[in-house]
Amino acid sequence: MKKTILTYSLLSLATLVFFSSTLYAGKRSMRNAYIAVSNPQLAINEITSFVNSAIGGDTKFAIGYTLNLPAIIQYRGDHQGKAISVHNALYEPSVQTGGNAMFIITMYDQNGVPILINDVMMLSGSNLCPNNCDISITSGDPHLANGRYSITPSTATQYRVNYEAASANTANPAFDEIRSVYISTAVVQGIINSGASGLRVYHAIDGNTLQRCVYVCGLNAEGEMIASSFYKGDATNLCPNNCE
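Only a predicted model underlies this, so the values are computations on that prediction, with no experimental measurement involved.

Here is what the cut-offs are and how they apply
- Residues numbered from 1 in each chain as written.
- Predicted model: local features only at pLDDT ≥ 70, side-chain atom pairs only at ≥ 80, totals over all residues.
- Heavy atoms only, no water.
- Pairing = 2+ DSSP bridges.
- Helix = DSSP H or I, 4+ residues; strand = E, 2+ residues; numbered from the N terminus.
- Contact = heavy atoms within 4.5 Å.
- Axes fitted to C-alpha atoms, helices over the stretch in contact; angles between N-to-C directions.
- Phe/Tyr/Trp six-rings, centres within 6.5 Å; stacked < 30°, edge-to-face > 60°.
- Buried < 20%, exposed > 50% of the residue type's maximum accessible area, 1.4 Å probe, protein only.
- Lys NZ or Arg CZ within 6 Å of the ring centre and 35° of its normal.
- Core = buried A, V, L, I, M, F, W, Y, C linked by side-chain atoms within 4.5 Å.
- Salt bridge = Lys/Arg side-chain N within 4 Å of Asp/Glu carboxyl O.
- Arc of directions from axis to C-beta.

**Student:** Please give an account of the sheet that holds strand β12 (residues 238-239) that cites residues and values.
**Tutor:** Strand order in the open sheet formed by six strands is β7-β5-β4-β3-β8-β12, and the pairing between neighbours is antiparallel. The sheet terminates laterally at β7 (149-151) and β12, the two strands that pair on one side only. Here strand β8 (residues 180-183) runs beside β12; their pairing, made up of two bridges, is antiparallel. For V181, the partnering residue across the bridge sits in β12 and is L238. Seen against the sheet, helix α3 (residues 69-79) touches β3 (83-90), β4 (101-108) and β5 (120-124) and runs at an angle of roughly 180 degrees to β5. Across the sheet, helix α4 (residues 153-168) lies against β3, β4, β5 and β7, angled at about 65 degrees from β3, the strand it touches most.

Structural data, given as structure tokens:
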């Protein structure tokens with residue numbers, strides 16, 4: 001489903017510096033790197049545990065989502081980025097509706113320091129699960145998230161604040177307190193090397209610790225998950241706990 005590309009005028013350098021203090025608040029912790037998972041069924045079991053949990057109410061903001069990998073590769077290349085964080089965001093500070101959700105991409109250098117730029121990447125939330133779901137590993141709708149949109153740091157900050165306000169509102173239990181997922185350099189590069197066309201992120205619950213965790217995997221051109229590309233990250237890759 002095609003979306004209208006959103007573009008905004010770039011801020012002046014002075015305004016950029018002002019807003020970057022809000023958008024990029026500090027170095028991301030590099031601890032507890034992701035681990036490769038050779039058994040995809042383990043991932044599916046732990047993802048299902050999150051699906052069946054009471055976290056976020058019966059209807060969760062997102063069990064998982066798919067991102068357009070070529071767009072992310074281009075964005076990283078343009079700004080010499082390595083690791084990324086994917087932030088939940090909303091156009092309007094209200095309950096989630098079909099066109100209201102999106103994702104903001106923050107990039108980090110090889111030392112985990114945010115890269116300050118005036119071209120913030122946004123991807124549509126049309127690939128949220130639910131509604132567009134697939135937690136099997138054999139098939140899937142290829143609806144890869146549409147390409148790279150450019151927005152200003154101030155607009156990105158507002159969209160992120162909109163989500164944070166929704167997650168803090170107990171009247172909106174579907175909004176999980178988890179606001180972003182950090183994906184390390186090694187994971188991003190490993191998925192690129194797998195030949196993937198898309199990058200899928202899933203929320204899960206660790207079967208041993210019963211703590212929150214996250215899975216990242218690649219998708220082929222048909223939207224099928226690549227079984228050899230699963231990576232698992234623990235709660236320190238989530239915000240909260242590990243927030244910018």
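**Student:** I'd like to hear about the packing of aromatic side chains, residue by residue, with values.
**Tutor:** Summed over the entire model, instances satisfying the criterion amount to four aromatic pairs. The interplanar angle of 70 degrees and the centroid separation of 5.3 Å between the aromatic rings of Y91 and Y159 together place this pair among those described as edge-to-face. Placement of the pair is Y91 in the loop between β3 and β4 and Y159 in helix α4, with a sequence separation of 68 residues. Taking the relative accessible area as the measure of exposure, Y91 reaches 22% and is therefore partly exposed. Residue placement shows K60 over the ring face of F50; its charged tip is 5.4 Å from the ring centre.

**Student:** Explain the environment of D109 residue by residue, including any values.
**Tutor:** Locating D109 in the fold gives a position in the loop between β4 and β5. Remark: the alpha-carbon pair of D109 and G81, spanning 28 residues in sequence, is separated by 5.4 Å. Setting aside its immediate chain neighbours within four residues, D109 contacts K82 and I115.

**Student:** Describe the nonpolar core, naming the residues involved and giving the relevant values.
**Tutor:** Grouped together as the largest cluster of nonpolar side chains are 38 residues, with contacts concentrated most on L67 and I183. Membership of the second largest hydrophobic core comes to 16 residues, among which are C129, Y215, C217 and M225.

**Student:** Help me get a handle on the pattern of salt bridges, residues and values and all.
**Tutor:** A full pass over the atoms with the stated rule returns four salt bridges. A salt bridge links R212 to D176, with the nearest nitrogen and oxygen atoms 2.9 Å apart. Of this pair, R212 sits in strand β10 (residues 212-219) while D176 is found in the loop between α4 and β8, placing the two residues 36 residues apart along the sequence. Looking at D176, the relative accessible area reads 10%, which means it is buried. Each of E46, D206 and K232 takes part in salt bridges that share partners, so that together they form one network.

**Student:** Mind laying out the sheet that holds strand β6 (residues 128-129), listing which residues take part and the relevant values?
**Tutor:** With antiparallel pairing, six strands are arranged side by side in an open sheet as β1-β11-β10-β9-β2-β6. Two strands close off the open sheet at either side, each with one partner strand: β1 (35-36) and β6. Strand contacts of helix α2 (residues 40-51): β9 (198-205), β10 and β11 (231-233), with the helix running at about 60 degrees to β9, the strand carrying the most contacts. Packed onto the sheet, α3 meets β2 (64-68) and β9 and runs at close to 60 degrees relative to β2.

**Student:** Give a description of helix α5 (residues 185-193) that names residues and reports values.
**Tutor:** Regarding α5, the residues found buried are V187, V188, G190 and I191. For α5, the angular spread of the buried residues around the axis is 165 degrees, confining them to a single face. Projecting away from the buried face of α5 at angles above 90 degrees are the exposed residues A186 and N193. Immediately beyond the C-terminal end of α5, within one or two residues, lies G195, with a positive phi of roughly 85 degrees.

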